[in-house]
Amino acid sequence: QVPLVESGGGLVQAGESLRLSCVVSERTSTLVVVAWFRQAPGKAREFVAGIRRSGDYTSYTDSVKGRFTISRDSAKNTIYLQMNSLKPEDTAVYYCAAKNGIFIIQSEINYDYWGQGTQVTVSS
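Residues numbered from 1 in each chain as written. Predicted model: local features only at pLDDT ≥ 70, side-chain atom pairs only at ≥ 80, totals over all residues. Heavy atoms only, no water.

Chemist: Looking at this structure, I do not really get the state of the cysteines. What am I missing?
Modeler: By definition, a disulfide links the sulfur atoms of two cysteine residues through a covalent bond. Under the criterion given, the structure shown has 1 disulfide. The residue that forms a disulfide with C22 is C96, at a sulfur-sulfur distance of 2.0 Å. Linking C22 and C96, the disulfide has an S-S dihedral of approximately -80° and is accordingly described as left-handed. Residue C22 is found in strand 3 (residues 18–24), and its partner C96 is found in strand 9 (residues 92–99); the two are separated by 74 residues along the sequence. Using a relative accessible area of 0% as the deciding quantity, one classes C22 as buried. (Disulfide = S-S within 2.5 Å. Helix = DSSP H or I, 4+ residues; strand = E, 2+ residues; numbered from the N terminus. Buried < 20%, exposed > 50% of the residue type's maximum accessible area, 1.4 Å probe, protein only.)

Chemist: I keep staring at the sheet that holds strand 7 (residues 68–73) and nothing clicks. Help me out?
Modeler: Pairing between the strands of a sheet comes from backbone hydrogen bonds, and it takes one of two forms, parallel or antiparallel. The antiparallel open sheet is built from 4 strands, whose spatial order is 1-3-8-7. One side of each edge strand has no neighbouring strand; the edge strands of this open sheet are strand 1 (4–7) and strand 7. On average, each strand axis in the sheet is inclined to that of its neighbour by 15°, with strand direction left out of account. Sheet topology places strand 7 next to strand 8 (residues 78–83); 6 bridges connect them, and they run antiparallel. Across the sheet, the residue bridging to S71 is Y80, located in strand 8. (Pairing = 2+ DSSP bridges. Axes fitted to C-alpha atoms, helices over the stretch in contact; angles between N-to-C directions.)

These results come straight from atomic positions and should not be treated as a statement about function.
Now the structure itself:
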């Protein structure tokens with residue numbers, strides 16, 4: 001059993017949309033914050049968006065505000081990242097991560113569990 005499992009990546013044209021999903025296993029049920037990070041070749045891993053699993057608070061990095069939306073379906077133990085108006089600069093491996101505590105932190109060192117990653121490629 002894998003704690004976090006991402007899916008939904010793929011190859012799309014600029015301007016199109018994708019929705020990523022992260023299924024959180026029972027073993028991580030006590031972790032209250034889930035976030036999406038991404039890493040492009042040659043670049044550091046960066047925070048994209050985060051959410052409390054209760055859905056009462058979200059956070060986004062500036063580069064995706066207005067285009068990406070993070071949400072959750074508690075009944076399905078799933079966190080979504082809806083990505084609209086995709087740009088070539090969004091191309092990266094996207095990772096789902098989870099941490100304890102109620103605050104959404106943008107530093108990756110605070111996250112204890114990570115998924116395997118899903119590739120998003122945006123062509124122009």
